[in-house]
Amino acid sequence: MSAAQQYLFLDFEFTMPETKTEPSRFFPEIIEVGLVVVVDDRVCDQFSSYVKPMRFPVLTDRCKSFLNITQEQVDQGMSFHELVALLHQYDRSRPSTVVTWGSMDMKVLRENCMNANLPFPFTGEHRDLAMEYKLFFGDKNQTGLRKAIQEYGNEGVGKAHCALDDAFTTYNIFRLVENDKKYLAKTKPPTIGERIDFTQLRKKFAL
């Protein structure tokens, strides 16, 4: 019997530069992780932690202000090596699909792994839920996470830019979109006979 499919709803927060040129040669690094693990439509695990950046360990004022985060919180976080090892452990435990809102999380994770000379921790499928949402609803522009959940008449979990809260919000949108897809799949288009009321049509031509 094959292992049940595991969904990893993942959200990262990243370092931010002060300006376009400061610091020099800047690139974003993961400083917070939020992970919600779902198997058979049930949340079976969750994890959150701050993560210490390696190349630019001192946060900019802009980053601290935007994310409402302190230098001390990040300094006490796990190392990036520990984060990659943890994500690899989840990936290895059973067949996994990683779900993120947007492509940035996987892009930065991949780049951070390359810079740290570490293997990318995921082997399975990755689903960009923001792109799926955009295509499903025919939107021209990609919708933000919190706006998307509000369009469903719900509020996001906790506060924006808190990694675990955003991971849970991503999971909630995923469930709503998947239910809509199932509903549409069950709704068959009407036959031509159902679309036209033939009794009315016959009366019209009988006159």
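Computed from a prediction, not measured in an experiment: that's the story for all the values here.

(A) Expanded view of the overall build of the protein chain. Scanning the protein chain from terminus to terminus reveals nine helices and five strands. Mapped from its N terminus to its C terminus, the protein chain presents α and β elements in the order β-β-β-α-α-α-β-α-β-α-α-α-α-α. Within the protein chain, the proportion of its 207 residues that are buried is 41%. Put simply, 68% of the contacts in the protein chain that link residues at least 6 apart link residues at least 24 apart.

(B) Up close: the confidence of the model for the protein chain. Confidence along the protein chain averages 89 in pLDDT terms, with 87% of residues attaining 70 or more. Confidence, read as mean pLDDT per element, is least for helix α8 (residues 192–195) in the protein chain (54) and greatest for strand β2 (residues 30–39) (98).

(C) Representation of the sheet that holds β2. Spatial ordering of the open sheet is given by β3-β2-β1-β4-β5, a layout of five strands whose pairing is mixed. Either end of the sheet is taken by a strand with one partner, and the two such strands are β3 (42–50) and β5 (125–128). On average, adjacent strands in this sheet sit at an angle of 20 degrees to one another, irrespective of strand direction. The pairing of β2 with β3 spans eight bridges and is classified as antiparallel. For Val-38, the partnering residue across the bridge sits in β3 and is Val-43.

Thresholds applied
Residues numbered from 1 in each chain as written. Predicted model: local features only at pLDDT ≥ 70, side-chain atom pairs only at ≥ 80, totals over all residues. Heavy atoms only, no water. Helix = DSSP H or I, 4+ residues; strand = E, 2+ residues; numbered from the N terminus. Buried < 20%, exposed > 50% of the residue type's maximum accessible area, 1.4 Å probe, protein only. Contact = heavy atoms within 4.5 Å. pLDDT = per-residue confidence, 0-100. Pairing = 2+ DSSP bridges. Axes fitted to C-alpha atoms, helices over the stretch in contact; angles between N-to-C directions.

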